[in-house]
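Each chain, letter by letter, is given below.
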Amino acid sequence: MKTRFKLSKHAYFRLLQRITAMSFCEAEDFAIKEINKSRITLTQLLEDGSKEISYIHEGIKYIVQNQTIVTIYTI
């Protein structure tokens, strides 16, 4: 099942720094496609009771909280 995520401004700027220049909509679509292709998923319970999910695909780690991609790391 494909899940619709939103891209935070911080994650958008991280994509611009780490990947390539693209519009916000292109970046959001890119991140969503990469997350949906992800085979590695890590779940962590935060202190406030919410879940943080990490998706890893092709050397990029996407951190998602409440259906929002909050940041992106290259690994």
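Computed from a predicted structure; not experimentally measured.

1. Focus: the packing of aromatic side chains
When we look at a pair of aromatic rings, we describe it by the centre distance and by the angle of the planes. Scanning the entire structure with this criterion turns up 3 aromatic pairs. Seen from their ring centres, Phe5 and Tyr55 are 5.9 Å apart, and the 65 degrees between their planes marks the pair as edge-to-face. Of this pair, Phe5 sits in the segment before strand E1 (6-7) while Tyr55 sits in strand E3 (residues 51-57), placing them 50 residues apart in sequence. Like Phe5, the residue Tyr55 is buried in the burial classification. Here Tyr12 and Phe24 contribute two aromatic rings whose centre-to-centre distance is 5.2 Å and whose plane-to-plane angle is 65 degrees, an arrangement assigned as edge-to-face. Here Phe24 lies in helix H2 (residues 24-37) and Tyr12 lies in helix H1 (residues 9-18), a separation of 12 residues in the sequence. Judged by its relative accessible area of 14%, Tyr12 falls in the buried class. For Phe24, a relative accessible area of 31% puts it in the partly exposed group. What links up through ring pairs into an aromatic cluster is the set Tyr12, Phe13 and Phe24.

2. Concerning the environment of Phe30
Within the fold, Phe30 resides in helix H2. For Phe30, a relative accessible area of 24% corresponds to the partly exposed category. Separated by 15 residues in the primary sequence, Phe30 and Leu15 place their C-alpha atoms 9.6 Å from one another.

Quick notes on the rules
- Residues numbered from 1 in each chain as written.
- Predicted model: local features only at pLDDT ≥ 70, side-chain atom pairs only at ≥ 80, totals over all residues.
- Heavy atoms only, no water.
- Phe/Tyr/Trp six-rings, centres within 6.5 Å; stacked < 30°, edge-to-face > 60°.
- Helix = DSSP H or I, 4+ residues; strand = E, 2+ residues; numbered from the N terminus.
- Buried < 20%, exposed > 50% of the residue type's maximum accessible area, 1.4 Å probe, protein only.

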